[in-house]
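# Descriptive analysis of the structure
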Amino acid sequence: MELGQHISQRYNAELEDIRNKVMTMGGLVEKQTSEAIKALLDRDGELANEVASSDDVINQMEVDIDEECTRVIALRQPTAGDLRLVIAVVKVITDLERIGDEAAKIAHYAKKLAKKETVTGMHAELSHLSQLIMSMLQDSLDAFARLDSEQAIKILSQDIKLHKEFNVISRLSITHMMEDQRNIKQALQVNWCARSLERIGAHSQNLCEYVIYLVNGKDIRHTNLEHVRRKYFPEV
Amino acid sequence: MDRESKSTEIWRIIFVLLAGIAGGIVTGYWEMSLIVALAAYIAWLLYKLQQLHVWLKDGAKPLHVPDSDGAWEHITQQIQYTQRKSAQRKKSMSKLLKRFQGIIKSLPYATVVLNGNNEIDWANKASMQLLRLDLKKDRGQRIDNLIRMPEVQRLLTKYSEKEIEINSPYNEQIKLSLQLIPVHSDLKLLIARDISEQVRLQQMRKNFIANASHELRTPLTVIAGYLEIIQDDASLPEHLEPAVTSAAEQSARMQMIIEDLLTLSRLENVGLSKNQDQVLSVASIINSICNSEAQLISNDTHKIILDTDPDLNLKGVEVDITSVCVNLIHNAIRHTPVGTEVHVTWKQLATNEACFIVRDTGNGIPAEHIPRLTERFYRVDQGRSKGKGGTGLGMAIVLHIVQLHEASLLINSTVGEGTTFTVFFPAIRVSRS
């Protein structure tokens, strides 16, 4: 897929600008997420505080990009690939903003968890899950930057792995709760963090769906992944 | 055209004319015969041109050179010669280019060539590993779309050649140092190095100093304590008194050095945490230093002249700002002769910056020492300064604190006239009450 083939140079620049802004926003979201995870794993209350309170830049960016997209639709009446780009961007930034929210949530729980000596030793499991999530988020943003739908479909098929990791943590926290009722509060908090991480993974996968929509023009939401892969990406 | 080919051509024309004349003699039609002869000559010329054209069009291969002599031969030779030359030049150019590319390619540093819009033009092998760029896919892609860290975006928009340190986006354990080198308006180089090892070593050094000073502190306290008891003991033989006094003095000095080392390593390791910032009245800090401590140190040998703005407040860490003031004022007293005036000023500049100035009218510091004053244990005059106390770490501590407060330190000195130390604090840290 090629961008930047318009007679109007300004139009080109506008579309390119929107895309770059999305990537900038993506960068911020990545940083927020990785710092929230770092605060959670290193039990760093100060960092968690910082992350929990710096969500507004991302929110502002969402509003700005949204407005710019509306303006492009109104003034330029984009068609075909350009229209798909604008529509995809509108959806991508919604998901990015949600990822930012989830990161803030993780930071919020990390703040609480950092205060107490941990009883629920789930550090290894959490770090495993967060590594997977970070690589999913990074790879889907890379796929969006490179307009690489093959990479996107690869990320989409990590679904099962993601759920497995999440279930491991759920099961563990239930075990901790059954062992000792005093653990319930912390175990619940850890479980909420895992839940937020899982949500970030799901949102990253949404990004991948938009990449495929943008590049191949196919809306693959709520369809059978195996079917899609066989039909459009036989070589992956 | 050289002479030989010229004469060939002339002979050829003479031959054509003679043939025409001969035809005229035989047939009796002079004009017709001449016209036919000349037309034949023109046709031959056209045929030669056509041959040359075909030969050139087919790539002017040396095997298929058209048979010719005279000027034609000369032309084909010339063409072949130029061709050989340009082929040679091309070969040497491509060899040079290959060498050059090979050199950049095998650099251990990841090198990315960017155009004016920060789009990737070229990248070497190391950048594929370090930055995970894939040149086949990523040519023309903006670099900040792939390395999306806010710090990198700031680096690209700011056009500074300063190096920045980031964690590798793909591996938390790897630290990268990035540098942007603008070559000209449409060409920039982004260089990335793996500095994890360096960072680790530096951290080890910091940890070592911190641990060593910490471990030395406890035994030293015990020694100093016993020395004090021995000093106060009435039964101490008189001949041992100077030895014990000197030992006590030196252990006190050592304690000071260790305290300073610990302060330094605290500043290095922890940095400033935001919630330690308080709004401080620097004027009252300066007053308390000058009233209580300076009298002790200087024994009224120096004249201290204060000029402080009592309403000007600074946001900072109290212990650290106090330490800056103490160090600078003590230095001004310690390293200047008796009777020197020391001016201490705290004021706001027109640019809203606040500055803390300590100016003395002492001997001044020779210019070659000034850049090294903030080095640890650096002494301008090895022999003299040791007797005056001090740990040799004061200026290093000052510089660290100044940097942590985003401030800057300026040292001006003229030998024979005196020295001025100025600390500029940025406007965002300054407020008025």
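For clarity, every value in this text was computed on a predicted model and none was experimentally measured.

Here the focus is the sheet that holds strand β8 (residues 312-316) of chain B. Residues and elements named next belong to chain B. Read across the sheet, three strands follow the order β6-β8-β13 without closing on themselves; strand pairing throughout is antiparallel. If you trace the sheet from one side to the other, it starts and ends with β6 (278-281) and β13 (430-432), each paired once. On average, adjacent strands in this sheet sit at an angle of 40 degrees to one another, irrespective of strand direction.

Turning our eyes to something else, we now look at the packing of helix α7 (residues 159-179) of chain A against helix α8 (residues 184-216) of chain A. Residues and elements named next belong to chain A. The contact between α7 and α8 brings their axes to 9 Å, and the two run at 175 degrees. The angle between α7 and α8 falls in the class roughly antiparallel. On α8, the residues that touch D159, L162, F166, I169, S170, S173, H176 and M177 of α7 are I184, A187, V190, N191, A194, E198, G201 and Q205. When its residues are assigned to classes, the contact of α7 with α8 shows eight nonpolar, six polar and two charged.

Mapped onto this structure's residue numbering, the UniProt feature "transmembrane region" (unreviewed entry) falls at residues 32-49 of chain B. Taken end to end, residues 32-49 of chain B has its terminal C-alpha atoms 25 Å apart, with 100% of it in helix and 0% in strand.

With that settled, consider the sheet that holds strand β9 (residues 341-348) of chain B. All names here are of chain B. The five strands are arranged β7-β9-β10-β12-β11 in an open sheet whose pairing can be described as mixed. The outermost strands of the open sheet, each flanked by one partner alone, are β7 (303-308) and β11 (408-414). Adjacent strand axes in the sheet meet at a mean angle of 10 degrees, parallel and antiparallel pairs treated alike. As paired strands, β7 and β9 are joined by six bridges and run parallel to one another. Within the sheet, the bridge partner assigned to I305 lies in β9 and is H343. Contacts between helix α11 (residues 318-334) and the sheet are confined to β9, β10 (354-360) and β12 (418-425), with β10 contributing the most and set at about 20 degrees to the helix.

Residues and elements named next belong to chain B. When β11 meets β12, the two strands line up antiparallel, connected through seven bridges. Note on β12: the bridge partner recorded for L410 is T422. Linking β11 to β12, which pair antiparallel, is a turn of three residues; within it G416 sits at a positive phi near 95 degrees.

Glancing now at the interface of chain A and chain B. Between chain A and chain B, the residue contacts involve 15 residues of the former and 13 residues of the latter. Residue assignment for the side of chain A that touches chain B shows that the elements contributing at least two residues are α1 (9-42) and α5 (123-146) of chain A. No other element matches α1(A), which puts eight residues into the side of chain A that touches chain B.

Calculation rules
Residues numbered from 1 in each chain as written. Chains lettered and ligands numbered in written order. Predicted model: local features only at pLDDT ≥ 70, side-chain atom pairs only at ≥ 80, totals over all residues. Pairing = 2+ DSSP bridges. Helix = DSSP H or I, 4+ residues; strand = E, 2+ residues; numbered from the N terminus. Axes fitted to C-alpha atoms, helices over the stretch in contact; angles between N-to-C directions. Parallel < 35°, antiparallel > 145°, perpendicular 65-115°, else oblique. Contact = placed C-beta atoms within 7 Å. Nonpolar A, V, L, I, M, F, W, Y, C, P; charged D, E, K, R; others polar. UniProt positions renumbered as here; feature names shortened; annotations may be inferred.

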